Each structure stands twice: as structure tokens, then as C-alpha cells.
Amino acid sequence: MIDLDQLVRKNILGLKPYSSARSEFKGSAEVFLDANENPYETGLNRYPDPLQWALKDKIAVLKGLPAARIFLGNGSDEAIDLLIRIFCEPRRDHILTLPPTYGMYQVSADIADVLVREIPLRTDFQPDVPAILGAVNEQSRLLFLCSPNNPTGNSMEPDLVQQLIDGFPGIVVIDEAYIDFSARESFVQLLDRAPNLVVLQTFSKAWGLAGIRLGMAFASEAIIHYFNKVKPPYNVNQLTQKAALAALNQQEQFDQWVAALLAERNKLTDQLGHLDFVQNIYPSDANFLLVKVDGAVGLYRYLVHEKIIVRDRSRVLLCEDCLRITVGRPEENRRLMGCLSNWKAHK
Ligand SMILES: *Cc1c(COP(=O)(O)O)cnc(C)c1O
């Protein structure tokens, strides 16, 4: 069992949050003269709902969770930043990350002047449970797991994740940005039995809405309460709320995209496997492939010259000679494969 009040920073425990006009008056009214808005109707002249209830109600149905256990942020990056600010005392507490992984955990910690303990993944890209639990002390606040992991594409083994949830004395954060592409079950299903768990998801990948900046955090009501206390009052704007609601009413489109991207991912895996300079294609539960090649930097530069940009991960721990390739539309993937077969001819 965790004692949340022991984990939350003292200044946040005692924080009196900003009370906006929109949150102070909750009844129904006809004339709103309380928020210094422009009264002329533009469709956007009013402040948005600070807690985005209409949107959360829809997401709650989709995820099978009460709306009160959802936080919505300006991208999941906002949730990462808020978690660090809620739980970590600068220059005293630390977070744990498992490289190679998403870079924002480190950057957000650096901005907050919070220490980072890096415990590398095993060579099979699974968490090294004994090493992680061995690195823990009183100042351990957050453990960031990314599953499916960026940039490796694999999912974390559920039994290892469970051991970490059971053994870690702080909050375990599982970043599921790519879960919609995975055949594995979401770790959201563990939330009821794990009061120290936070699961992050996003509209930036499978939903096709990276431009609106909308991320989700799922957790206990108690943890969501702290998110709401610390977040900027209107952190999710009206246009974003509207676009997300519209997308949630178009779930067939989402399903079609996911199916198409998975089919393309399989096709790419197959085709890349026939190239003699490709050493390894790591199994992916995401919408990208981590590919180990002979001469990664040279290949990256060649692709740039061909006006195709992939991500050079060759200097990242355990990713030597690797490029991370996002699955594109069929014609984009065909063009990539055309270039890659010419590269073979170049050598
Ligand atoms: C893309 C990505 C995100 C998404 O962040 P947003 O701020 O929601 O766009 C989060 N985590 C990981 C690991 C990602 O790769």
C-alpha cells in the first residue's frame, strides 16, 4: 500500500489552487458576466471547461474507467511534467528511467532540477527488475516504463511490470503512447489493484491528432486530484476538446487506420528482411520499426538526400547501428523500399 501524502511534495499537499470563474460557478445561468470574456459570439469567446467533462465522459466509456480517474493534458508531455512537479522535490528526489527510452522523462526532470537514475533495459529490451529495485531508496518517486517502448517497439512483459508495481515504493508510470498498435492488453486493467500506477496514453499517434496536443493519464482519483490541483486552469483548449470529441465519434476511421498501419508494418518487416544490409528488425508492437543495418549513419544521410527522413538512433544505448522508421502510407513505404533497394545496389 502506498501513502500518497508521503509521496507528494509538501508544497503541493498544501497548495491552494487557482480558482477560475468557470470553476467557481457551477449552476445553470443565462448571463455570464463573471470572466471578463468578450460577450459577442464567435464560437470561441468563452473559456473552455477547465475539467473537460464532456470529453472525459466519452473517454471514460471507451476505456472503461470513471471520468474522475482521467486527467487530460496538453499532450502526454504535460502529464509527464506535472507528475515530476507533483512528486519530486528538486535536487533531493529522483525519477528512474530505463534507457533506451522516450527522451521527455529526462528533459522534464532536468527542467525541474530533479535527478534521474538510469537503469538500462536488458539486451532483450525488458526491464532489469533486480537492478531497478536495487537502485531504489527513500528519494525514489517515479519509475517511468514505456510500453510499447520508444524507440525499441517492444512491450514490457506483464509479470515483470507487476513485480515493479509490487516492489517500487513510489509511483509507477506506464507510458502507453503506442498501445493502440499493440495486440497486448493495456496496463489500464491493473489500475484497480494498483494505487501507485499511472497509465499515459495520447491522441498523437493512432488517433491522428498530434496537432491538437491531447494526452491522457489514468490513475486513482487521489492521484488525479493532484493533477487537477497543479495544472494550468485551462490547459486543454476549446478547439482541442472539440476535435477530440469529433474523433471519438468517428471510431471506424481510427480502426481503419490502425488496421492499415499494422498491415503496412508487417509488409515493411517482410520487405526489409530481404535486404542484405539489414541485420535485424526488432519485433514491434508500435507504428514504427527499429532496424539494425550496416552503416546506419551513411544510410540515414542517403535517405535524407532522397528526401526521406527517418530517425537516426545509432548513438543511443543498445541501439548501435539502428534507425527508427515510422510506418507511413503505402505509397510512402513503397518509395522508402525503392530507395533502400537502390542503396543495396550502391554498395
Ligand atoms: C509520441 C510519444 C508520446 C506522445 O506525447 P504527446 O505529448 O501526447 O504528443 C508520449 N510518449 C511516448 C513514448 C511517445 O513516443
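Residues numbered from 1 in each chain as written. Predicted model: local features only at pLDDT ≥ 70, side-chain atom pairs only at ≥ 80, totals over all residues. Heavy atoms only, no water.

Here the focus is the pairing of strand β3 (residues 115-118). Sheet topology places strand β2 (residues 94-97) next to β3; four bridges connect them, and they run parallel. Within β3, the residue paired with I95 across the bridge is V116. For the handedness criterion, the β-α-β arrangement of β2, helix α6 (residues 104-111) and β3 is classed as right-handed. (Pairing = 2+ DSSP bridges. Helix = DSSP H or I, 4+ residues; strand = E, 2+ residues; numbered from the N terminus. Right-handed = clockwise from strand over helix to strand, strands pointing away.)

This part takes up the site of the ligand. For the ligand, the set of nearby residues contains 13 residues, the closest of which are Y178, T202, S204, K205 and R213. Within the side chain of S204, an N or O atom sits 2.6 Å from an oxygen atom of the ligand. For the shell around the ligand, the residue count by class is four nonpolar, five polar and four charged. (Near = heavy atom within 4 Å. Polar contact = N/O pair within 3.5 Å; in protein donor to acceptor, adjacent residues only side chain to side chain. Nonpolar A, V, L, I, M, F, W, Y, C, P; charged D, E, K, R; others polar.)

On to helix α8 (residues 158-167), then. For α8, the complete set of buried residues consists of L160, V161, L164 and I165. Relative to the axis of α8, the buried residues are bounded by an arc of 140° and lie together on one face. Against the buried residues of α8 lie α7 (129-134), β4 (140-146), β5 (171-175) and β6 (197-202). (Buried < 20%, exposed > 50% of the residue type's maximum accessible area, 1.4 Å probe, protein only. Arc of directions from axis to C-beta. Contact = heavy atoms within 4.5 Å.)

What follows covers the packing of helix α5 (residues 76-87) against α6. Helices that pack against each other are described as a pair by the angle of their axes relative to one another and the distance between those axes. Remark: α5 packs on α6, axes separated minimally by 9 Å, with the N-to-C direction vectors making an angle of 45°. One way to sum up the angle between α5 and α6 is to call them oblique. Handedness of the crossing formed by α5 with α6: right-handed. Within the contact between the two elements, α5 uses D77, I80, D81 and I84 and α6 uses M104, Y105, S108 and A109. Broken down by class, the residue content of the contact of α5 with α6 amounts to five nonpolar, one polar and two charged. (Axes fitted to C-alpha atoms, helices over the stretch in contact; angles between N-to-C directions. Parallel < 35°, antiparallel > 145°, perpendicular 65-115°, else oblique. Left-handed = near helix turned anticlockwise from the far one by under 90°.)

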